Amino acid sequence: MTAELIRVVLADDHPVVRAGLSALLTSLPGIEVVGVAATGREAIREVITTQPDVAVLDLQMPDLDGFAATRELARSAPDVAVLVLTMFEDDDSVFAAMRAGARGYLVKGAEQEEIARAIRAVAAGEAIFGPGVARRVLSFFSAPPPAADPFPELTTRERQILDLLAAGLSNAAIAHRLDLASKTVANNVSTIFTKLGIADRATAIIQARNAGLGTESP
């Protein structure tokens, strides 16, 4: 990439959007559109052929979606920065795109200056997000980590039974609550004792309550 000119490949499956974005990017100083594509596979071919500095990709494209195209470009053209420009702004799409290798994420409707700034930023090796997306990304990383599972050795069913046991339910009551045979509950309780290295019900209840289980009323 030269300091004077940023070369861009643009991929979007809607002809009107593609033409509009191409005209917009071409009008921006220091940016040259060197290829356009309507599908993910076309985008990859254009990138491999033209070796741009930035690939601006939509996420919803036929043939190969933007997530898969981004992953392939991260493998086959790692020096090309991917900037996602899409209608989708849900957390799953944002984080899936970033995990795939995108350096930036904008939502369609972004202002011309915002798009130009994002292209220049990702071309320079920075990560950039649209305002609404950035708030959610920051919120995600600033949120406290989820509490660790205090009994990772237990299965989901065993943990469920331990929770009810800690709430004071008998084996028969647990069996009724979970629609299980009493013998099944008894076998699970024995397995829980073995896995936790405890010998009796009272100790199991104490450990479970100390870990925050057993809050449900019998």
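Structure: above.
Quick caveat: nothing in here was measured; it's all calculated off a predicted structure. (Residues numbered from 1 in each chain as written. Predicted model: local features only at pLDDT ≥ 70, side-chain atom pairs only at ≥ 80, totals over all residues. Heavy atoms only, no water.)

Taken in spatial order, the six strands of this open sheet run S2-S1-S3-S4-S5-S6, and their pairing is parallel. Whereas interior strands pair on both sides, the edge strands pair on one side only; in this sheet they are strand S2 (31-37) and strand S6 (128-129). For strand S4 (residues 81-86) and strand S5 (residues 104-107), the ladder comprises four bridges, and the chain directions are parallel. Among the inter-strand pairings, Val-84 is bridged to a residue of S5, identified as Tyr-105. Against the sheet, helix H2 (residues 40-50) contacts strand S1 (6-11), S2 and strand S3 (54-57), and its axis sits at roughly 135° relative to S2. This element, helix H3 (residues 66-76), spans S3 and S4 of the sheet and lies at about 165° to S3. (Pairing = 2+ DSSP bridges. Helix = DSSP H or I, 4+ residues; strand = E, 2+ residues; numbered from the N terminus. Contact = heavy atoms within 4.5 Å. Axes fitted to C-alpha atoms, helices over the stretch in contact; angles between N-to-C directions.)

With that settled, the discussion passes to helix H4 (residues 91-100). Residues three or four positions apart in an α-helix share a direction because the helix packs 3.6 residues into each turn. Among the residues making up H4, those that are buried are Ser-93, Val-94, Phe-95, Ala-97 and Ala-100. One or two residues past the end of H4 sits Gly-101, with phi positive at roughly 125°. (Buried < 20%, exposed > 50% of the residue type's maximum accessible area, 1.4 Å probe, protein only.)

For Gly-125, the position within the fold is in the loop between helix H5 (112-123) and S6. Given the relative accessible area of 54%, Gly-125 is considered exposed. Expressed as a C-alpha distance, the spacing of Gly-125 and Asp-79, which sit 46 residues apart in the sequence, is 9.5 Å.

To continue, consider the side chain of Asn-188. Residue position: Asn-188 is located in helix H9 (residues 182-196). Polar contacts involving the side chain of Asn-188 include one to the main-chain carbonyl oxygen of Thr-184, which spans 2.8 Å. (Polar contact = N/O pair within 3.5 Å; in protein donor to acceptor, adjacent residues only side chain to side chain.)

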